[in-house]
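Structure assessment
Here is what each chain is made of, one letter per residue.
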Amino acid sequence: MTAVQEPKVATEIGRDRRRKEDQRLITGRTRWTDNITLPGMLHLAMVRSPFAHAKITAINVDDAKASTNVVTVITGRDVAEEQGSLPNAWPITPDQVTPAHPPVAVDRVTFAGEIVAVVVARTAAEARDAAELVDVDYEELPAALDLKESAEDKILAHPDLGTNKSALWQFDSGAAGTGGDVNAAIEKARGDGVVIEREFRQQRLIPAFMEPRSVVVDPTGEQITMWSATQIPHILRFLLAAVLGIPEQKIRVIAPDVGGGFGGKLQTTPEEFIAMVLARRLGKPVKYTETRSESLMAAHHGRDQWQKLTLSAERDGTVTGLKVELLADLGSYVSLVGGGVPVLGAFMFNSIYKFPAYHFSCQTVLTNKTWTDAYRGAGRPEATFGIERMMDELAVELDMEPLELRAKNWITNTEFPFTTVAGLEYDSGNYEEATALAKEHFGYDELRAEQKARRESGDPIQLGIGISTFTEMCGLAPSRVLGSLDYGAGGWEHAEVRMLPTGKVEVVTGASAHGQGHETAFSQIVADRLGVSFDDIEVLHGDTQVAPKGLDTYGSRSLVVGGEALVKAVDKVIEKAKPIAAHLLEASVDDIEFTAGRLSVRGTDKGMAIGEVALATFAAHNLPDGVEASLDSAATYDPINFNYPHGTHLCAMEVDTETGAVKMRKYTCVDDIGNIINPLIVSGQVHGGLLQGIAQALWEEAVYDSAGTLVSGSFVDYLVPTAADTISFDIDHRSTASLTNTLGTKGVGEAGTIASTPAVVNAVLDAVRQFGVKDITMPCTPERVWKAIHGAGAGGADPTTGEAMPHFDESEGGVQ
């Protein structure tokens with residue numbers, strides 16, 4: 001009989017553990033894609049178009065081919081029959097207009113930065129030098145650059161298509177049976193309520209990940225192996241096979257250590273397809289690593305919308321209807337899920353509020369700019385910005401306290417589960433508790449009193465308070481829902497748990513980390529659920545040979561979907577161990593209990609540790625008849641619903657009315673992300689997300705000139721903030737467990753980015769509304785703020801000209 005051991009108490013979940021990944025990351029023992037060197041490897045350099053729109057009339061590669069150590073130079077015509085077209089995985093309507101997207105342009109370029117030729121040389125430097133010698137003749141064409149004008153087809157981005165309009169996607173609560181007629185609600189409010197109409201600009205942003213994109217392809221083995229700095233190794237493998245006609249089992253994709261992504265590496269890129277085509281053609285390994293300027297110019301961008309919102313309400317502040325009309329800039333091509341990004345926002349404009357009627361429409365538009373796709377939050381930040389700006393506008397119009405107005409309209413904690421006007425079922429939440437705690441931490445009443453005193457004294461430094469109460473949908477699932485939206489993949493995730501004979505554990509996950517801390521958090525989950533030591537667990541991921549099944553990492557899905565798959569795999573291990581333990585302990589399997597890593601006979605002191613069962617299973621000397629000699633188990637989990645974290649974010653901004661300079665005084669957020677696995681990782685995610693959202697409000701913008709050239713193509717002009725540009729944030733959490741997964745967790749990776757942008761902009765506007773300012777287009781630079789204050793008049797100022805902007809007179813319902 002085995003001596004009774006004290007059961008190990010679960011201590012890992014909820015513990016502040018430093019990430020086990022960090023030791024190798026911060027000591028330089030990483031393996032970035034660009035660090036990979038293979039025997040005989042060749043290097044690629046891309047020749048890119050300087051024009052936004054042009055015909056390619058001739059390409060002379062003779063001088064480049066004659067350059068030192070150049071192996072070959074290829075053009076689009078050279079590979080036209082084999083390079084295929086980059087895929088769009090989410091056609092949002094059956095009639096979506098989708099231009100072909102060759103990795104190397106053949107006869108026409110449609111954005112500045114598009115690849116027109118590729119130099120192959122023995123070193124990267126020699127390839128780049130030779131690329132300068134490629135002589136391309138262009139016939140420049142008019143470029144479609146302005147989003148609104150492009151939506152009117154004034155200049156065509158792709159003349160052969162006859163239109164810039166790609167797809168019109170609409171949702172109407174009346175037609176869907178989830179609410180009433182929004183037009184009727186608005187018309188009624190024009191008579192006896194209030195109607196707020198506003199137009200907001202979501203500027204174009206660049207993900208600006210730390211590690212530039214890089215790809216290595218080795219065609220010399222039985223399989224073709226690709227290493228890529230990607231978020232989506234499994235999806236990339238499938239699409240390489242589908243587009244290039246290579247048998248999928250002959251492709252292995254590895255995402256080694258990946259230095260950030262923020263959605264910017266949720267893409268199948270021209271460079272990946274080019275590298276695959278050339279490696280196979282040459283029979284040698286090839287590598288391409290982009291420069292920072294190439295990354296900013298040609299890796300996909302994010303956001304870029306015009307939003308027109310109409311909100312109706314009763315005079316007591318009760319909202320009655322919301323109408324959203326979007327123009328979304330796709331850039332020159334419809335990227336992997338680019339057309340679908342604004343559609344994700346369609347389900348979030350109503351946010352936490354009980355709108356009885358809702359209509360959403362989005363026209364996606366092709367232009368001659370870099371293509372857009374997911375950027376941290378992907379549709380949810382745009383929606384949250386729009387509705388939170390509108391709630392502040394309504395509060396101003398009704399002279400109501402903005403938090404009280406929100407509380408009047410939000411879903412109360414006793415109303416969950418709640419089906420929204422957009423048709424989603426929110427399973428849990430407590431907006432009241434999160435807001436009360438945020439107000440307490442923030443010192444809300446005291447700051448309001450200080451704001452009043454500054455206004456009364458005419459202080460040139462005015463104080464503004466901004467609010468953002470938000471929710472988001474995470475997990476990008478279930479698969480059936482995604483199928484109903486014509487999304488090209490499912491929402492499931494896969495995990496495997498391998499019990500080694502020494503009692504150690506290997507965890508294999510289809511989620512692919514690029515800085516989130518998967519190895520640590522997944523180890524904590526398994527340690528508690530399986531009752532083994534945290535240090536005895538190894539997490540394997542990012543390699544389609546090691547982890548053959550998975551749908552990768554994006555949309556805050558890793559924990560809520562991948563973590564749940566892992567839980568199910570662990571539970572299968574335990575269930576497989578029970579009959580073996582029962583046999584060894586000479587007991588009925590029905591009497592076997594599992595607690596904290598130990599399988600015991602109920603009511604006795606007889607038991608075995610899970611590691612002992614693993615060793616006995618490996619030996620297989622005394623197994624029950626018909627039981628296989630393995631505890632290893634796998635599970636695929638498809639959620640039953642999206643996942644809905646929420647929170648309250650409060651921001652205090654000081655505005656110098658004489659210079660337009662803005663300074664953050666305080667930022668407090670209380671997020672409800674369900675049960676927390678590792679508070680330290682959560683804090684890091686929230687801090688990073690906050691700064692990215694704040695950066696949109698204050699600093700970042702991708703700017704093109706009138707010719708379609710990106711003029712913010714370096715970190716001199718594209719203002720990514722550093723720690724010196726911000727303050728310490730006051731963050732806290734409430735935990736309302738999710739009801740849709742056994743861990744009770746909710747997503748956190750995008751929460752800070754989604755909530756912070758409107759909180760900051762609302763704060764800046766709150767500081768200067770007394771001067772007649774109704775809006776300032778992001779980013780709220782000192783110049784724009786100053787022009788808004790000093791050129792405001794009755795309706796705010798155009799942030800670029802300083803001239804008075806048209807404004808809406810709600811009582812008349814028209815533009816003045």
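Note that this is a predicted model, so its numbers are computed, not measured.

1. Some points on the overall build of the protein
The secondary structure content of the protein amounts to 21 helices and 30 strands. At 28 Å, the protein has a C-alpha radius of gyration in line with the 28 Å of a compact globule built from 816 residues. Seen through its principal axes, the protein has C-alpha atoms that stretch 90 × 75 × 50 Å. Accessible surface computed for the protein: about 29,400 Å², of which carbon and sulfur atoms make up 50%.

2. Side note on helix H6 (residues 182-192)
By the burial criterion, the buried members of H6 are Val182, Ala185, Ile186 and Ala189. Here the buried residues of H6 occupy an arc of 95 degrees about the axis, which is enough to place them on one side. Away from its buried face, by an angle of more than 90 degrees, H6 presents the exposed residues Glu187, Lys188 and Gly191. On the buried face of H6, the contacting elements are strand S8 (194-205), strand S13 (302-313), strand S14 (319-331) and strand S15 (358-366).

3. So, unusual backbone geometry
The peptide bond linking alanine 477 to proline 478 adopts the cis configuration, its omega dihedral lying at 5 degrees. The omega angle of the peptide bond from methionine 778 to proline 779 is -5 degrees, so this bond is cis rather than trans. Along the chain, the position of proline 779 falls in the loop between helix H20 (751-768) and helix H21 (782-790). Phi is positive for arginine 303, close to 65 degrees, though the residue is something other than glycine. Looking at the element boundaries, arginine 303 is found in strand S13. Within the chain, aspartate 304 stands out as a residue other than glycine whose phi angle is a positive 65 degrees. With respect to the secondary-structure elements, aspartate 304 resides in strand S13.

4. A word on a negative patch on the surface
Judged by side-chain charge, Asp62, Asp63, Asp135 and Asp137 come together as a negatively charged surface patch. At the level of elements, helix H2 (62-65) and strand S6 (135-140) are the ones that each hand at least two residues to the negative patch. Positionally, aspartate 137 belongs in strand S6.

5. Here's the deal with the environment of arginine 380
Here arginine 380 is to be found in helix H11 (residues 380-398). Sequence separation between arginine 380 and aspartate 218 is 162 residues; the distance between their C-alpha atoms is 38 Å. A polar contact is formed between the side chain of arginine 380 and the backbone oxygen of alanine 378, at a distance of 3.2 Å.

6. Section: the sheet that holds strand S1 (residues 42-48)
Read across the open sheet, the seven strands follow the order S3-S5-S1-S12-S9-S10-S11; overall the sheet is mixed. For this open sheet the edge positions go to strand S3 (70-75) and strand S11 (251-254), each flanked by a neighbour on one side alone. The sheet shows a mean angle of 20 degrees between the axes of neighbouring strands, taken without regard to direction. Two elements, S3 and strand S5 (residues 115-121), share five bridges in a ladder whose sense is antiparallel.

7. As for the packing of aromatic side chains
Under the defined criterion, the tally for this structure stands at 13 aromatic pairs. The interplanar angle of 85 degrees and the centroid separation of 5.9 Å between the aromatic rings of phenylalanine 200 and phenylalanine 385 together place this pair among those described as edge-to-face. Of this pair, phenylalanine 200 sits in strand S8 while phenylalanine 385 sits in helix H11, and the two are 185 residues apart along the sequence. Relative accessible area serves as the criterion here: at 2%, phenylalanine 385 is assigned to the buried category. Within the aromatic cluster, the residues linked to one another by ring pairs are Trp169, Phe347, Phe349 and Phe360. A cation sits over an aromatic face here: lysine 20 above phenylalanine 534, 4.4 Å from the ring centre. When the ring centre of tryptophan 306 is taken as origin, the NZ or CZ atom of lysine 148, which lies over that ring, is 4.1 Å away.

8. Here we look at the side chain of arginine 198
Here arginine 198 is to be found in strand S8. Owing to a relative accessible area of 9%, arginine 198 belongs among the buried residues under this scheme. In terms of polar contacts, arginine 198 uses its side chain to reach the side chain of glutamate 393, at 2.8 Å.

9. Some details on the pairing of S5
Here S5 lies mainly inside the structure; seven of its seven residues are buried. Sheet topology note: the S1/S5 ladder contains six bridges and is antiparallel. What sits directly across from arginine 48, in S5, is isoleucine 115.

10. Looking at helix H17 (residues 558-584)
Over its 27 residues, H17 extends 37 Å from the first C-alpha to the last, a length consistent with the 39 Å expected when each residue adds 1.5 Å. Positive phi appears at glutamate 586, one or two residues downstream of H17, with a value of about 55 degrees.

11. Focus on the packing of helix H16 (residues 518-530) against H17
At their nearest, the axes of H16 and H17 sit 10 Å apart, and the two run at 35 degrees to each other. H17 is crossed by H16, and the crossing has right-handed handedness. Along the contact surface, H16 presents His518, Phe522, Ile525, Val526, Arg529 and Leu530, while H17 presents Ser558, Leu559, Gly562, Gly563, Leu566, Val567, Val570, Asp571, Val573 and Ile574. Grouping the amino acids of the contact of H16 with H17 by side-chain chemistry returns ten nonpolar, four polar and two charged.

12. Side note on empty space enclosed by the protein
If you walk through the whole model with that rule in mind, you get seven cavities of 30 Å³ or more. Forming the boundary of the largest cavity are 13 residues, of which Arg213, Ser214, Ser228, Thr269 and Glu272 lie nearest the centre. Secondary structure elements with two or more residues in the lining of the largest cavity: strand S9 (214-218) and helix H8 (270-282). Considering only residue class, the lining of the largest cavity consists of three nonpolar, six polar and four charged.

13. A few points about the sheet that holds strand S28 (residues 730-734)
Here we have four strands laid out as an open sheet, ordered S18-S26-S27-S28, and mixed in their pairing. In the strand order of this sheet, the two ends are held by strand S18 (461-471) and S28, each with one partner. Across the sheet, the mean angle from the axis of one strand to that of its neighbour is 15 degrees, orientation sign disregarded. Sheet topology places S18 next to strand S26 (residues 646-656); eleven bridges connect them, and they run antiparallel.

14. Considering the pattern of salt bridges
Under the criterion given, the structure shown has 54 salt bridges. Put simply, lysine 154 and glutamate 152 hold a salt bridge, and the shortest N to O gap is 3.4 Å. A salt bridge links aspartate 329 to arginine 204; its shortest N-O distance comes to 3.5 Å. Here the residue aspartate 329 occupies a position in strand S14, and arginine 204 occupies one in strand S8, the gap between them amounting to 125 residues. Classification of aspartate 329 by relative accessible area gives buried; the value is 1%. Owing to a relative accessible area of 3%, arginine 204 belongs among the buried residues under this scheme.

15. Topic: the nonpolar core
In globular proteins that are soluble, nonpolar side chains generally tend to be buried together. In terms of nonpolar packing, the biggest core is built from 96 residues, with Leu311, Phe360 and Tyr667 touching the most fellow members. Counting 44 residues, the second-largest nonpolar core is a separate cluster that includes Met499, Val507, Leu530 and Ile592.

16. Concerning the state of the cysteines
Within this structure, the stated rule accounts for zero disulfides. No disulfide involves cysteine 669; its sulfur sits 11 Å from the nearest other cysteine sulfur, which is in cysteine 651.

What counts and what doesn't
- Residues numbered from 1 in each chain as written.
- Predicted model: local features only at pLDDT ≥ 70, side-chain atom pairs only at ≥ 80, totals over all residues.
- Heavy atoms only, no water.
- Helix = DSSP H or I, 4+ residues; strand = E, 2+ residues; numbered from the N terminus.
- Rg over C-alpha atoms; globule rule 2.2 N^0.38 Å.
- Areas by Shrake-Rupley, 256 points an atom, 1.4 Å probe, with all protein chains shown as cover.
- Buried < 20%, exposed > 50% of the residue type's maximum accessible area, 1.4 Å probe, protein only.
- Arc of directions from axis to C-beta.
- Contact = heavy atoms within 4.5 Å.
- Patch = residues over 30% accessible without salt bridge, like charges linked within 9 Å, V, L, I, M, F, W, Y side chains within 5 Å.
- Salt bridge = Lys/Arg side-chain N within 4 Å of Asp/Glu carboxyl O.
- Lys, Arg positive; Asp, Glu negative; His and termini not counted.
- Charge placed at Lys NZ, Arg CZ, Asp CG, Glu CD.
- Polar contact = N/O pair within 3.5 Å; in protein donor to acceptor, adjacent residues only side chain to side chain.
- Pairing = 2+ DSSP bridges.
- Axes fitted to C-alpha atoms, helices over the stretch in contact; angles between N-to-C directions.
- Phe/Tyr/Trp six-rings, centres within 6.5 Å; stacked < 30°, edge-to-face > 60°.
- Lys NZ or Arg CZ within 6 Å of the ring centre and 35° of its normal.
- Expected span 1.5 Å × (residues − 1).
- Left-handed = near helix turned anticlockwise from the far one by under 90°.
- Nonpolar A, V, L, I, M, F, W, Y, C, P; charged D, E, K, R; others polar.
- 1 Å grid on protein atoms, 1.4 Å probe; cavity = no way out; pocket = protein on both sides within 12 Å on 5 of 7 lines; lining within 4 Å.
- Points joined across faces, edges and corners; volume = space filled by probe spheres on them.
- Core = buried A, V, L, I, M, F, W, Y, C linked by side-chain atoms within 4.5 Å.
- Disulfide = S-S within 2.5 Å.

In short, shape yes, function no, at least from these values alone.
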